[in-house]
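# Secondary and tertiary structure notes
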Amino acid sequence: QVQLVESGGGLVQAGDSLRLSCVASGRNFGTYAMGWFRQVPGKERDFVASVSWEGSMTSYADSVKGRFAISRDNAENTVYLQMYDLKTEDTAVYYCAASDEVTGWQYAKRYNYWGQGTQVTVSS
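Residues numbered from 1 in each chain as written. Predicted model: local features only at pLDDT ≥ 70, side-chain atom pairs only at ≥ 80, totals over all residues. Heavy atoms only, no water.

Within the element layout of this structure, Gly104 appears in the loop between strand E9 (92-99) and strand E10 (113-114). Gly104 sits in the buried class, given a relative accessible area of 15%. For the pair Gly104 and Ser50, spaced 54 residues apart in the sequence, the C-alpha separation amounts to 9.9 Å. (Helix = DSSP H or I, 4+ residues; strand = E, 2+ residues; numbered from the N terminus. Buried < 20%, exposed > 50% of the residue type's maximum accessible area, 1.4 Å probe, protein only.)

Next comes the structure, spelled out in structure tokens:
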């Protein structure tokens, strides 16, 4: 069992930066791939970024590529999402998730555990 708690969301202006954190409790954090997803009301949860168990492989949605960076610190059981040059369309609830699958990390159904989410609001 893995519990995930996100933090770092807030209200920022377009062009600002923000870093989200997700701390995991439970065993064997380093055996899970980690992902960030986001969701706006009335829409599906969308993939944002993923990182492999040891951090060597990362993947990003096209909409955030070049602006967001995912990383992890297995010693601290934490995964981060650094967001630069935020846009109003980045406004959403951001969720971190843990997956014990070996592929398909861009799909929400591949994840076993989810955090409660943190709101990011970008104003123009």
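For the rest of this paragraph, the subject is the pattern of salt bridges. Scanning all chains against the criterion turns up five salt bridges. One salt bridge connects Asp90 with Arg67, and the closest N-O pair in it is separated by 2.8 Å. One end of the pair, Asp90, is in the loop between strand E8 (78-83) and E9; the other, Arg67, is in the loop between strand E6 (58-60) and strand E7 (68-73), with 23 residues separating them in the sequence. Each member of the pair Asp90 and Arg67 is classed as buried. Across the pair Arg110 and Glu101 runs a salt bridge whose closest N-O atoms are separated by 3.2 Å. (Salt bridge = Lys/Arg side-chain N within 4 Å of Asp/Glu carboxyl O.)

With that settled, the discussion passes to the pairing of E8. For E8, the tally of buried residues reaches six of six residues, placing the bulk of the element in the interior. Residue alternation in E8 divides its side chains into two sets, Thr78, Tyr80 and Gln82 and Val79, Leu81 and Met83, and both sets are buried. In this structure, strand E3 (residues 18-26) lies alongside E8, joined through six bridges in antiparallel fashion. Of the residues in E8, the one forming a bridge with Arg19 is Gln82. Sheet topology note: the E7/E8 ladder contains six bridges and is antiparallel. Bridge pairing links Asp73 to Thr78 in E8. Hairpin connection from E7 to E8: four residues lie between these consecutive antiparallel strands, with Asn77 at a positive phi of about 55°. (Pairing = 2+ DSSP bridges.)

This part is about the environment of Thr121. Along the chain, Thr121 falls in strand E11 (residues 118-123). Its relative accessible area of 28% is what places Thr121 among the partly exposed residues. It is 21 Å that separates the C-alpha atoms of Thr121 and Leu4, two residues lying 117 residues apart in sequence.

A few words now on the state of the cysteines. Overall, the coordinates contain one disulfide when judged by the stated rule. Covalent S-S linkage joins Cys22 and Cys96, the inter-sulfur distance amounting to 1.9 Å. The sign of the 40° torsion about the S-S bond sets the Cys22-Cys96 disulfide as right-handed. Here the residue Cys22 occupies a position in strand E3, and Cys96 occupies one in strand E9, the gap between them amounting to 74 residues. A residue is classified by how much of its surface remains accessible, and Cys96, at 0% relative accessible area, is buried. (Disulfide = S-S within 2.5 Å.)

This next bit is on the sheet that holds E7. Taken together, the four strands give an open sheet; going across it, the order is E1-E3-E8-E7, and neighbouring strands pair in antiparallel fashion. Sheet topology places strand E1 (2-7) and E7 at the edges, where each strand pairs with a single neighbour. Going from strand to strand, the sheet's axes swing by 15° on average, the running direction of each strand aside. Here six bridges tie E1 to E3, and the two strands are oriented antiparallel to one another. Bridge pairing in E3 links Ser7 to Ser21. (Axes fitted to C-alpha atoms, helices over the stretch in contact; angles between N-to-C directions.)

Geometric descriptors of this kind do not, in isolation, establish any biological role.
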